[in-house]
Amino acid sequence: MDCVFCGIINGEIPSNKVYEDDLVLAFRDINPEAPVHILVVPKTHVSSCDSIDADNSFLISKIFEMIPQIAKKEGLSNGYRVITNVGEDGGQSVKHLHFHILGGKKLPVHLC
Ligand code: DGP
């Protein structure tokens, strides 16, 4: 499978990691859209939100357990945004489930 985030997870592609455990990896986005822009991914390949099911939803729990800890470590005490894009219309460019953590400035309320 040709997946850039699987390449980051298995160490073939370098990344700026901010958190890692046996299930989850978080690293800085290569093209940041805010002063803090981190991607949080499950280490096993899940294509998008569309592929979350009863067998893998524990990964989502784990990711959302870690997000506040990552945000706190990054100093995002005034708030932040968590986004996941799904499919073509959602603007998903990497087909490996990921949650964007965006913060470090007042973010615009409207997306479009
Ligand atoms: P999305 O559009 O939601 O699929 O976001 C994918 C994000 O992944 C995008 O903000 C850029 C980021 N990205 C793509 N390739 C790489 C990479 O090789 N390294 C890192 N750190 N981020 C990447």
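Report follows, based on the coordinates. (Residues numbered from 1 in each chain as written. Predicted model: local features only at pLDDT ≥ 70, side-chain atom pairs only at ≥ 80, totals over all residues. Heavy atoms only, no water.)

## Describing the sheet that holds strand S1 (residues 17-20)
The line we're drawing: Between any two strands, at least two bridges found by DSSP are needed for them to pair. Starting at the N terminus, helices and strands are each numbered in turn, a helix being any DSSP run of H or I of at least four residues and a strand any DSSP run of E of at least two. Helix axes are fitted to C-alpha atoms over the stretch in contact, other axes to C-alpha atoms as well, and angles between N-to-C directions run from 0 to 180 degrees. Contacts were defined at the residue level, with two residues in contact if any of their heavy atoms lie within 4.5 Å.
Spatially, 5 strands are ordered S1-S2-S3-S5-S4 in an open sheet, and the strand pairing comes out antiparallel. A strand with exactly one partner marks an edge of an open sheet, and here the two such strands are S1 and strand S4 (80-83). Adjacent strand axes in the sheet meet at a mean angle of 20°, parallel and antiparallel pairs treated alike. Relative to strand S3 (residues 36-42), strand S2 (residues 24-28) is paired through 5 bridges, and the arrangement is antiparallel. What sits directly across from Val 24, in S3, is Pro 42. Most of the contacts of helix H2 (residues 57-73) go to S3, to which it runs at about 155°, and overall it touches S1, S2, S3, S4 and strand S5 (99-103).

## Here's the deal with the site of the ligand
Here is the rule we go by: By convention in this text, a residue qualifies as near a molecule or strand provided that one of its non-hydrogen atoms is within 4 Å of it. A 3.5 Å cut-off defines polar contacts: any pair of N or O atoms within that distance qualifies, except that in protein one atom must be a possible hydrogen donor and the other a possible acceptor, and neighbouring residues in sequence count only when both atoms are side-chain atoms. Computed with a 1.4 Å probe, the accessible areas rest on the Shrake-Rupley method; for each residue, only the protein chains presented here act as cover. Cavities and pockets were defined on a 1 Å grid built over protein atoms only: a cavity is a set of grid points that admits a 1.4 Å probe from which the probe cannot escape, a pocket is an open set flanked by protein on both sides within 12 Å along at least five of seven lines, and lining residues are those with an atom within 4 Å of any such point. Occupancy of a cavity or pocket is assigned to a molecule whenever over half of its atoms lie within 2 Å of that pocket's grid points.
Around the ligand there are 15 residues in total, and Asp 29, Asn 85, Ser 93, His 98 and His 100 lie nearest to it. The backbone of Val 94 places a nitrogen or oxygen atom 3.0 Å from an oxygen atom of the ligand. At 2.8 Å, a side-chain N or O of His 98 approaches an oxygen atom of the ligand. A total of 510 Å² of accessible area belongs to the ligand in isolation, and the protein chains cover 83% of it. In a pocket analysis with a 2 Å cut-off to the grid points, the ligand is assigned to the largest pocket. Counting only elements with at least two residues in the shell around the ligand, the list comes to helix H1 (4-9) and S2. Examining the composition of the shell around the ligand, we find that 3 residues originate from one element, H1, more than from any other.

From the geometry alone we can't say anything about function, so treat these as descriptive.
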